[in-house]
Amino acid sequence: MRTRTLVKIQEGCSQPCSFCIVPRVRGPERSRPQEEVVAEVKARVAEGYKEVILTGTRIGRYGPGEGLRGLITHILEESDVQRLRLSSLEPSDLTPDLLRLWEDSRLCPHVHLPLQSGSDSVLERMGRAYSTADYQRAVSLAREAIPNLALTTDIMVGFPGESEGEFNKSYRFCERIGFAGLHIFPYSPRPGTRAARMANTVGNGEKKRRTHLMLDLAEGSSRRFRERFLGQEMNVLWEGEKEGIWFGLTGNYLRVFLPSQEQLANELLTTNLVAHKEDGVWGELT
Ligand code: SF4
């Protein structure tokens, strides 16, 4: 069933993160022409897709015209897309100009902002282009501009040299931010990267322990985020059904479940979020 689809707008990365092989494998940043992307979005909408997700290695570095902001503006102006979602951004992408675009409610209130670590010294060894203070500032701006924002992230655990103190800092930073979702990855070396040659690696047992701690934090954090919306009505794009239970997503990435015999596929329906579920929330049609 056609419900959500990906449209690639950009490829490659020119940032030298010490753990990542992508710049070497995919090459430097290059972007698709704006008209081509807008035309593809229109074509997907004509095929019946209701949600389009703009993807790429670093979509914030989208190049032609007025960059990502210009591209999104053209898509929203020229297409009838009902939902537009961005795959992943960096803290420096979240400028007031870009954030103003969320005044159009078709742009999903969901920002995936990979943090990797909440310790400044680890971020420096990773070669990331921001500090925790930069990250915190970007989050505050985004939360101010986008009501009901779901902020999700990636966290790497056990980067070479990550001390107990650095891990604790990272843990507490994640706790303070209060993410809607965290993807936790234990560090594993990619041959050919600078990080793979770093000394002072974290043992597997310790990596496992830290990963479990972060996973527990992630579970609590996303549950608290979901609970904030119980009792509210939100638009859900229903995607599919398994054993009589339909599943779909809100704009802010809550997975909603609903027992129903009706055909709901690809319907964007106002839904009451009524109860917590292990991996989402239960909904009722209004
Ligand atoms: S982690 Fe992301 S930003 Fe860093 S080098 Fe890899 S693709 Fe680029």
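All of the points below concern the structure found in this document.

About the criteria used
Counting restarts for each chain, with residues numbered from 1 along the sequence as it is written. Predicted model: local features are reported for residues with pLDDT of at least 70 only, side-chain atom pairs are reported and counted for 80 or more only, and whole-chain, interface and lining totals are derived from all residues. Only heavy atoms go into the side-chain values, all of them from the structure, while hydrogens and water stay out. In this description, strands pair whenever DSSP reports at least two bridges between them. Only DSSP runs of H or I with at least four residues qualify as helices, and only runs of E with at least two residues qualify as strands; both kinds are numbered from the N terminus onward. All axes here are fitted lines through C-alpha atoms, helices being fitted over the stretch that makes contact, and every angle between N-to-C directions spans 0 to 180 degrees. Residue contacts are counted whenever heavy atoms from the two residues lie within 4.5 Å of one another. Helix span, expected: 1.5 Å multiplied by one less than the number of residues in the helix. In this scheme, a residue with accessible area under 20% of its type's maximum is buried, one over 50% is exposed, and one in between is partly exposed, where area comes from a 1.4 Å probe on protein chains only. Throughout this document, a residue counts as near a molecule or strand when at least one of its heavy atoms sits within 4 Å of that molecule or strand. Each residue receives one of three labels: charged for Asp, Glu, Lys and Arg, nonpolar for Ala, Val, Leu, Ile, Met, Phe, Trp, Tyr, Cys and Pro, and polar for the others, Gly being one of them. The rule for a salt bridge is simple: a side-chain nitrogen of Lys or Arg has to be within 4 Å of a carboxyl oxygen of Asp or Glu. By convention, a stacked pair of Phe, Tyr or Trp rings (six-membered ring in the case of Trp) has centres within 6.5 Å and planes under 30 degrees apart, an edge-to-face pair has planes over 60 apart, and any other such pair is tilted. A ring is considered to have a charge above it if a Lys NZ or an Arg CZ atom is located within 6 Å of its centre and within 35 degrees of its normal. In plain words, nonpolar cores are sets of buried Ala, Val, Leu, Ile, Met, Phe, Trp, Tyr and Cys residues tied together by side-chain atoms within 4.5 Å. As annotated, the domain borders come from an automatic or database domain assignment.

Next up on the list: the sheet that holds strand β11 (residues 255-259). With mixed pairing, the five strands of this closed barrel are ordered in space as β9-β10-β11-β13-β12. Along the sheet, successive strands turn relative to each other by an average axial angle of 50°, direction set aside. Direction of pairing for strand β10 (residues 245-250) relative to β11: antiparallel, over a ladder of five bridges. Directly across from L249, in β11, lies its bridge partner R255. Sheet strands touched by helix α8 (residues 204-227): β12 (268-277) and β13 (280-285). Its angle to β12, the strand with the most contacts, is close to 125°.

Its twelve residues give helix α3 (residues 67-78) an end-to-end C-alpha distance of 17 Å, which sits within 8% of 16 Å, the value for a rise of 1.5 Å per residue. At its buried positions, α3 is contacted by α2 (34-47), β4 (51-55), β5 (83-86) and α4 (96-99).

Considering the arrangement of structural elements, one finds F19 in the loop between β2 (10-11) and α1 (22-26). The class of F19 is buried, set by a relative accessible area of 11%. On a C-alpha basis, the gap between F19 and S31 in space is 24 Å, while along the polypeptide they are twelve residues apart. Non-local contacts of F19, meaning those with residues more than four positions away in its chain, are made with Q116, M126, R128, M156, F159, Y187, R190, T193 and A195.

On to the site of the ligand, then. In the vicinity of the ligand, the residues found are C13, Q15, C17, F19, C20, V22, P23, T57, R58 and R128. A breakdown of the residues in the shell around the ligand according to their chemical character gives six nonpolar, two polar and two charged.

Our next topic: the pairing of β12. Sheet analysis places strand β9 (residues 233-242) next to β12, joined by five bridges and oriented antiparallel. Paired with E233 across the two strands is N272, which belongs to β12. One ladder, built from six bridges, connects β12 with β13; its direction is antiparallel. Each residue of the ladder has a partner; that of A275, found in β13, is W282. Taken together, β12 and the strand that follows it, β13, pair antiparallel across an intervening segment of two residues.

The next thing to look at is the environment of D104. Position of D104 among the secondary structure elements: in the loop between α4 and β6 (110-112). Between the C-alpha atom of D104 and that of T73, which follows or precedes it by 31 residues, the distance is 9.7 Å.

The next subject is the pattern of salt bridges. A full pass over the atoms with the stated rule returns 22 salt bridges. A salt bridge links E11 to K8, with the shortest nitrogen-to-oxygen separation between them at 3.2 Å. Where salt bridges share partners, they join E162, E164, E206, R209 and R210 into one cluster.

Moving on to the packing of aromatic side chains. Applying the stated rule across the entire model yields eight aromatic pairs. Pairing F225 with F229 gives two aromatic rings, centres 4.9 Å apart and planes at 65°, and the pair type is edge-to-face. By relative accessible area, which is 1% here, F229 ends up buried. Stacked on the ring of F257, the Lys or Arg K277 has its end atom at 4.1 Å from the ring centre.

We now examine the nonpolar core. Among the nonpolar cores identified, the biggest contains 56 residues, and L54, I72 and L89 are the most heavily contacted of them. Of all the elements, α3 adds the most residues to this core, at five residues. When residues of this core are assigned to domains, at least three fall in each of domain 1 (1-87) and domain 2 (112-228). Judged by nonpolar contacts, the second largest core, of 15 residues, contains F225, W246, L254 and L258.

The next subject is the sheet that holds β5. Taking strand neighbours across the sheet as the criterion, the three strands line up as β1-β4-β5 in an open arrangement whose pairing is parallel. The two strands at the open ends of the sheet, each matched to only one other strand, are β1 (4-8) and β5. Geometrically, the sheet is characterised by an average inter-axis angle of 25° between neighbouring strands, direction not taken into account. Each of β4 and β5 is contacted by α3, which is oriented at about 165° to β5, the strand it contacts most.

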